[in-house]
Amino acid sequence: MNQIVKKVILSENVVKLEVEAPLIAKSRKAGHFVIVKTGKYGERIPLTIASADIRSGRITLVIQKVGKSSRKICALNEGDYITDLVGPLGKATHIERFGTVVCACGGVGTAPMLPIAEAMKKAGNKVVTVLAARTKELIILEEEMKCFSDEIIIMTDDGSYGQKGLVTNGVEQIINREKVDLCVTIGPAVMMKFVSLLTQKYSVPTVASLNTIMVDGTGMCGACRVTVGGKTRFVCVDGPEFDAHQVDFDEMMLRLNAYKDYE
Amino acid sequence: MIEDLKKQRNEVWREELRKSLKNKERIAIPRVKMPELEAAFRSRSYDEVNRGLSAKDALREAKRCLDCPDPSCINGCPVEINIPKFIKNIERNEILEAAKTLKETSALPAVCGRVCPQEKQCESQCIHLKMKSEPVAVGYLERFAADYERESGSISLPELAESNGIKIAVIGSGPAGLSFAGDMAKYGYDVTVFEALHEIGGVLKYGIPEFRLPNTIVDVEIDNLRKMGVKFITNCIVGKTLSQEDLHNEGYKGIFIAGGAGLPNFMNIPGENLSGVLSANEYLTRVNLMGANRKETDTPVFFGKNVAIIGGGNTAMDSVRTARRLGAERAMIIYRRSEEEMPARIEEIKHAKEEGIIFMNLHNPIRYVGDEKGRVKQMILQKMELGEPDASGRRRPVEIQGAIETIDVDMVVVAIGVSPNPLIPNTFSGLDISKWGTITVNRNTLQTGLPEVFAGGDIVRGGATVILAMGDGRKAAAAMHRKMKCG
């Protein structure tokens, strides 16, 4: 049982929770995720860790309401408990001094990008962040992201904030004006697919952090499997980050919808 | 050990019991039949199939045991239960004594009485077989004694040595971990079990379905361990949540790794990543651990109508019988060899057949076909025939050229085995890992390359049975205890 100590509503569908989890706060690294289960009959779902504070023993989770289980977690309030929380899971992000790193985030994907941008910045990289969303209200964690970014480009589909356009337009602007050594992308699968297609065109090495269906999160069930470079890999233990140019995003999108009619 | 057995066998009550009935009369008693739920009913229900023996039947079955001077059945038992002693206690109607005998060496008798492959172990050694008679139903009697004790409400705890205060960590709460924890608690250690999932029990909870092993039975056995002082911590992954170093810093002097064989194998054939194709681990976990078949739970599961299970082991049988219970009209076993080579227990195969499972032996999937939504809709099968024996001693399945079949399916469960979970081998430094990903141990002591770390169960074996894992737990506990005493 882990208590929620703070809840902030970031947008209509996105909630930020600070949760007591001292062991995870201590051991987590950028790129790690947790599995969360709410209630006795709850479902186990993966959530990425947006940030952690060792001193207070808290981790921050940013959750978007998409299905029954994420809605249930978003409905919890300060003082409530998360029934089961386990982690940190997955492999940590490979951090080194690459040079210029573009962080391409879509919607709630900004949350798991936050610790990656932080680590990349601290490793001496120039970090250029593209925050993209449908509309202004859905741009989250801009202030936090500023702390670790040399520059932020905001893109909205409807032009209500920043420039009008997609995340790919933002990434392409950067590639066209300077040498990009690495692109990291996190967001909806379809968005990552198009970022990947774009950077492939420009031969920019790209890492995508995948958020698939999982049950145990420790390699046991294989619900999270994806095809990477023609081989089946498990997102939970082999990932969550993979060479985006090798990921079969179309298959991943079909698999994400596997249980849509069953929920 | 042998001395002890002899001494106990020579006790007055055992001698009198032996004299009370002639061996000829004992042999003449037919082997008891396990009462079962009727197949048509049970194939739509999650209730336990085997109902357990009545007291009358159990007492009569106990009479069949000849109380041999050299009981070879004990050698067939990985945890060396004193089988004649517990059975003779049943015969003289001292059922609680029988249960006590079981617990001297087994941490989970009610579990073993249900899921052990007795026909390959204790019962395969029974003297009756030499006389062309059916073996004593050791498994049924074990279950009877354990159930009787539980239902009586007067559950006995094994005798515990005085606490020595030495902290021991167990990684994984499956059969190996639980059996190790029980024995170490008996020796007086301060035992803590760390479990990655939110429930204690490992494969007993997520793997074996409730119609074969109800969760409540497992919980009672776990509660007994709690009463013996064993502590359990769920949602904690050693190597992730806590490091190897953390365990040392917290004063743990010995570690037993029993992380199991988590990783499901796939065949790597086209279409295997279509939605609707899943591992047995995923399918069984959704149903058994998460209760996805029940309305009150949030976890979804597919309710396939035409379901194919790939494989011929116990996990395949568990999966196919689960699919049937979740409403499959056609629940099929697809196995590349013939029934004779099937690794599943005979009882499982029998139960599956009674429940209307279709067996497509000598068939092997080569490809899956999906619909426009990426959901599996067909499977392409290659027909096989048996050739020469292979390395496993079983006849090798060989493709029949051109014999291809297409079958409509809306769900496929792949149950072709598991590999050791790499999580612990990857995060624990200093262990020797084999090329199969298992942890290499000294076969006699189960000690790893690190002197204070022992390992057992499927993380060492790669994929075996509950009882072999339990045997490992006992063996490792005895060896670790020796090491602690002697340095």
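Residues numbered from 1 in each chain as written. Chains lettered and ligands numbered in written order. Predicted model: local features only at pLDDT ≥ 70, side-chain atom pairs only at ≥ 80, totals over all residues. Heavy atoms only, no water.

## Notes on the overall build of chain A
Convention followed: Secondary structure is summarised from DSSP: a helix means a run of H or I of at least four residues, a strand means a run of E of at least two, and numbering begins at the N terminus for each. Exposure categories follow from relative accessible area, calculated using a 1.4 Å probe and restricted to protein chains: below 20% of the type maximum is buried, above 50% is exposed, and the middle band is partly exposed. Think of it this way: Lys and Arg go in the positive column, Asp and Glu in the negative one, and His and the chain ends go nowhere. Taken as the charge location is NZ of Lys, CZ of Arg, CG of Asp or CD of Glu.
Helix and strand counts for chain A come out as 8 helices and 16 strands. Along the first, second and third principal axes, the C-alpha set of chain A runs to 50 × 40 × 35 Å. Out of the 263 residues in chain A, the part that is buried amounts to 57%. With 33 positive and 30 negative side-chain charges, chain A shows a separation of 3 Å between the mean positions of the two kinds.

## Points about the environment of Asp390(B)
We apply this condition: By definition in these notes, contact holds between two residues if any of their heavy atoms fall within 4.5 Å.
Along the chain, Asp390(B) turns up in the loop between strand S11 (376–389) and strand S12 (395–408). Setting aside residues up to four positions removed in sequence, Asp390(B) forms contacts with Arg337(B) and Arg396(B).

## Describing the domain arrangement of chain A
Residues and elements named next belong to chain A. The following threshold applies: These domain boundaries are the output of an automatic or database domain assignment. Put simply, buried area is the surface a 1.4 Å probe can reach on two separate parts but cannot reach once they are joined, added for both. Salt bridge, as applied in this entry: a Lys or Arg side-chain nitrogen positioned within 4 Å of an Asp or Glu carboxyl oxygen.
Per the domain assignment, the segments of chain A are domain 1 (4–89) and domain 2 (100–256). Of note, the centres of domain 1 and domain 2, computed from C-alpha atoms alone, are 21 Å apart. Listed by partner, the interface residues are 17 residues for domain 1 and 22 residues for domain 2. Each partner contributes to the roughly 1,600 Å² buried at the junction of domain 1 and domain 2, and carbon and sulfur atoms together form 66% of this total. When the buried area of domain 1 at its contact with domain 2 is split by residue, Phe33, Arg44 and Pro46 rank highest and sum to 25% of it. One can count 1 salt bridge joining domain 1 with domain 2.

## Description of the side chain of His363(B)
Residue and element names in this part refer to chain B. Here His363 shows up in strand S10 (residues 363–370). Of the residues examined, His363 reaches a relative accessible area of 10% and is grouped as buried. Ignoring any residue separated from it by four or fewer positions in sequence, one finds His363 in contact with Ile334, Tyr335, Arg336, Leu381, Gln382, Lys383, Met384 and Glu405.

## A closer look at the packing of aromatic side chains
Residues and elements named next belong to chain B. Our working definition: Note on ring pairs: Phe, Tyr and Trp rings are taken, using the six-membered ring of Trp, and paired if centres are within 6.5 Å. Classes follow the plane angle, with under 30 degrees stacked, over 60 edge-to-face and the rest tilted. A ring has a charge above it when a Lys NZ or an Arg CZ is no more than 6 Å from the ring centre and no more than 35 degrees off the ring normal.
Enumeration over the complete set of coordinates arrives at 6 aromatic pairs over all chains. Taken together, a centroid distance of 5.5 Å and an interplanar angle of 80° make the contact between Tyr46 and Phe211 edge-to-face. Residue Tyr46 is located in the loop between helix H4 (39–42) and helix H5 (55–63), and its partner Phe211 is located in the loop between helix H12 (203–206) and helix H13 (215–227); the two are separated by 165 residues in the primary sequence. We classify Phe211 as buried; its relative accessible area is 1%. Geometrically, the ring pair formed by Phe180 and Phe256 is stacked, given 4.3 Å between the ring centres and 20° between the ring planes. Of this pair, Phe180 sits in helix H11 (residues 175–186) while Phe256 is found in strand S4 (residues 252–257), placing the two residues 76 residues apart along the sequence. For the cation-ring pair, Arg14 lies above Trp13, with the distance from its terminal atom to the ring centre recorded as 5.8 Å. Arg31 extends its terminal NZ or CZ atom over the ring of Tyr140, reaching a point 5.4 Å from the ring centre.

## Some thoughts on the pairing of strand S13 (residues 411–414) of chain B
Residues and elements named next belong to chain B. The test is simple: Following DSSP output, two strands are said to pair if at least two bridges run between them.
Of the two faces of S13, both are covered, the one formed by Met411 and Val413 as well as the one formed by Val412 and Val414. Relative to S13, strand S6 (residues 277–279) runs parallel, the two being bridged by 3 bridges. Residue pairing for S13: Val277 is matched across the bridge by Val412. Note: strand S7 (residues 306–310) against S13, 4 bridges, orientation parallel. Among the inter-strand pairings, Ile309 is bridged to a residue of S13, identified as Val413.

## What to know about the domain arrangement of chain B
Residues and elements named next belong to chain B. Which entries qualify depends on this criterion: We call two N or O atoms a polar contact when they sit within 3.5 Å, provided that within protein one can donate a hydrogen and the other can accept it, with sequence-adjacent residues counted only if both atoms are side-chain atoms. Any residue outside Ala, Val, Leu, Ile, Met, Phe, Trp, Tyr, Cys, Pro, Asp, Glu, Lys and Arg is labelled polar, Gly included; the first ten of those are nonpolar and the last four are charged.
On domain assignment, one finds that chain B holds domain 1 (2–32 + 50–152), domain 2 (167–262 + 418–486) and domain 3 (266–414). Here domain 2 and domain 3 have C-alpha centroids that lie 30 Å from each other. On the side of domain 3, 12 residues touch domain 2, which itself brings 14 residues to the contact. Buried surface at the junction of domain 2 and domain 3, both sides included, amounts to about 1,100 Å², of which 54% is carbon and sulfur. Looking only at domain 2, the three residues that lose the most surface to domain 3 are Tyr206, Phe211 and Arg212, adding up to 51% of its buried area. The interface formed by domain 2 and domain 3 includes 2 salt bridges. Residue Asp318 pairs with Arg212 through a salt bridge whose shortest N-O separation is 2.8 Å. One can count 4 residue pairs in polar contact (both at pLDDT 80 or more) joining domain 2 with domain 3. Class assignment of the residues belonging to the side of domain 2 that touches domain 3 gives a composition of 6 nonpolar, 4 polar and 4 charged.

## Considerations on the side chain of Glu178(A)
All names here are of chain A. Residue position: Glu178 is located in the loop between helix H5 (167–177) and strand S12 (182–186). For Glu178, a relative accessible area of 18% puts it in the buried group. A distance of 2.9 Å separates polar atoms of two side chains, one belonging to Glu178 and the other to Arg177.

## Side note on the interface of chain B and chain A
In this assembly, 42 residues from chain B lie in contact with 43 residues from chain A. Carbon and sulfur atoms supply 56% of the area buried between chain B and chain A, which totals about 3,500 Å² over both sides. The three residues of chain B that bury the most area against chain A are Lys240(B), Asn273(B) and Asp298(B), which together make up 21% of that side's buried surface. Summed over the shared surface of chain B and chain A, the result is 3 salt bridges. The partner of Lys68(A) in a salt bridge is Asp298(B), with the nearest N and O atoms 3.3 Å apart. One can count 22 residue pairs in polar contact (both at pLDDT 80 or more) joining chain B with chain A.

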